[in-house]
Every structure is written in C-alpha cells, then in structure tokens.
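Inside the fold
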Amino acid sequence: MNKSIQKGLRIFLFLSMGIIILWWLYKDQNPYELLEIMKNDVGYGWIVLSLIMGLLSHISRTIRWQMLIEPVEKRPGAVNTFLAVMIGYLANLAIPRMGEISRCGVLSKYEKLSFTRLVGTVVTERVLDLIMLLLALGLMIVLQYNVFADFVNNKMDLSGLAKFFSSWWFALIILFAGGAILVFRQNILNSQMYFRLKDLWLKFKEGLFSYRNVRNKPLFFLHTLLIFVLYFLMIYVCFFGFPFTRELGPGAGLAVFVLGSFGMVAPVQGGIGPYHFMVISTLLFFGVQAPQAAAFALLVHGSLNGMIMITGLLSLVAIPLINKKE
C-alpha cells in the first residue's frame, strides 16, 4: 500500500477514535443543558485571561527556542520564530506531531537555517517538556494522591502491555533484530545510506545538545519553568469562570492540568476525545456533576484550540508578507 495512503488511513483512524470517544462522553448529555450552562454560568472574562496566559506561554516558548538555536546556528528573529511556533501548533490540529516538523521547516526557510539542526533543538524541547510534565505529575501525586490512585485503579488497564513485554514474542523480536544487525553490520557500515544518516545524526546531535552551550542557562531554565506555570494557570484561571469549579482550589487545578495534558499528547488532532475524557473524569472525582464537567471540558478545549487556530492562520498569512523583501 502507498505510504501516503497508509499515513492518511492512520490519521483518519486516530481522528475517528477521538470522535468516537467524544460521542461516547457526550451522547447522554442534554445539549440544551450544556448550552444553558455556557450561556448563563460562565464568566468569559476568565476564559479570555486563560487565552492570554496561553499566548504568553507561546511567547516564552519562542524565546527558549531562540536560545536553543543560537549555539548551533545564528539566533533567529523573534517575529519569525514566534510565527513558526504558532504555525506548528496549527499543523498539530491537522496532523498529530506534524507541528514539530512544520515549524522547523518554516523557520529554516525564512531564516536560512539547517532544518536538521532545528529538529534536534525541538527534540531537546520535547525532552525538557516531558521532564517538566513528569515533575508536575510527581507534584500532583504528592498533593492529590487520591485522584491519581483512583485514575490508575479505575481508568487504566496496563495488563495487556505488561503481558506483551513479558512474552516470548517480545524476546524473539529483540533477538532477531540484534542478530540481523550483527550479521549485516559491515554491509550497513559501508553503505551510502549509513554515511548520509551519520551526517544527519551529527547535525541532529548538535541541535539536541545545544542546551549545553546556551549563553544564559538560568534564563533558559526559567523559561522552561515559566512555560509550565503558564500552562497550569491557563487551566486554573478557567476554574474561576464556572460556579461549580470556583471553590475547588489549585490542587484540583493541578490534577486537571496534568491528566488533561496526558490526553493532549494522544495521537489525535488537538487531543479531541482523550482530553475531554481525562478532564471530565478528574472533575467527576472532585464532585462536579457530569453535565457541568462536560461543559467545562468542551468550552476550555474549544477556546484554547480556537485561539491556536486563529493565531496559526494569521501567522501563516503574515510570515510570507513580513519576509516579502527577502
């Protein structure tokens, strides 16, 4: 089967799964009740403040990315870097994980930078983001252990995964792969493809380890922390916009932020479905009624992705105009 067709089918499959999850979550909800909550029970000023927090996090990410790029290439312009970041977020709404590649391609084109090195810096970013998310998860476990225990015990089933990794099938795959590499090692090392991949890896590694040569490391790690503080505030300030979440406190906000983030990293466009499931499940644990939790997840997710869509489209239009003279 053609690779493009395979990729298209995979994207369609994940999107379909997300839509099915979304339908399952909302099939028993009264749409008029959801509309009534959104019409009469929402303080939209808090939603706007949440979007401002989100925009500030993207600006902080832009600065951090500039700092990562500078040791391996020239420091790119702030405007082009920000626009590339927003185009990347827009691309993720169309095809999961495409944003990382898209923003590197855009910045490479308009700033005349090595695409491979840029990809390396983005991998570094993702590693740092994963570390921060795991630290946030650890903090949530300490502060909201009951939420985490309930989620693991009632919402996750890892038995199938554990069974596969302990099976003889997995051991056979590892042995076969290792044997093939040993047998064909010399052929691999002498191949043209190997030298091309090696050259790509060296450039990629430069970007990956670029943080070592960042000029202002305290500022770099401050932005890494700031990005996640703003992510948390982006969710938590929304609590004040709903009467049923206003009194829950920052611990509940942290739980919704962390578990919702795991929903967003699912390979589904914009986290549609998995994000709603995680947020609704968490709010139900804190005593929020199902229609209210459903309205919260729908509005918060919709507003944040709407902001990304608008700013991403504006960035897509603006960046060739700004760089027209070049």
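Check the entry above for the structure.
These notes cover the structure that comes with them. This is a predicted model, so every value here is computed, not measured.

Let's talk about a nonpolar patch on the surface
A surface patch of nonpolar side chains, amounting to about 390 Å² of accessible area, comprises Val 48, Ile 52, Leu 55, Leu 56 and Ile 59. Its location among the elements puts Leu 56 in helix H3 (residues 44–69). Overall, Leu 56 belongs to the partly exposed group, its relative accessible area being 40%.

Some details on unusual backbone geometry
Residue Lys 112 is not a glycine yet carries a positive backbone phi of 55°. Inspection of the secondary structure puts Lys 112 in the loop between helix H5 (98–111) and helix H6 (115–143). Look at Lys 112 and you get exposed, because its relative accessible area is 64%.

Considering the pattern of salt bridges
As enumerated under the stated definition, the model contains 10 salt bridges in all. With a shortest N-O distance of 3.2 Å, Arg 75 and Glu 70 are connected by a salt bridge. Here Glu 70 falls in the partly exposed class, since its relative accessible area comes to 21%.

Concerning the nonpolar core
One finds Trp 65, Ile 235, Phe 239, Phe 257, Leu 283 and Phe 296 to be the most contacted residues of the largest nonpolar core, which totals 61 residues. Those residues within four positions of Phe 296 in sequence are excluded, and the remaining contacts are Ile 235, Cys 238, Phe 239, Phe 242, Phe 244, Thr 245, Val 256, Val 279 and Leu 283. Within the second largest apolar cluster, 5 residues are counted, among which are Met 67, Leu 128, Val 214 and Phe 220.

Reading the values: rules and limits
Residues numbered from 1 in each chain as written. Predicted model: local features only at pLDDT ≥ 70, side-chain atom pairs only at ≥ 80, totals over all residues. Heavy atoms only, no water. Patch = residues over 30% accessible without salt bridge, like charges linked within 9 Å, V, L, I, M, F, W, Y side chains within 5 Å. Areas by Shrake-Rupley, 256 points an atom, 1.4 Å probe, with all protein chains shown as cover. Salt bridge = Lys/Arg side-chain N within 4 Å of Asp/Glu carboxyl O. Helix = DSSP H or I, 4+ residues; strand = E, 2+ residues; numbered from the N terminus. Buried < 20%, exposed > 50% of the residue type's maximum accessible area, 1.4 Å probe, protein only. Core = buried A, V, L, I, M, F, W, Y, C linked by side-chain atoms within 4.5 Å. Contact = heavy atoms within 4.5 Å.

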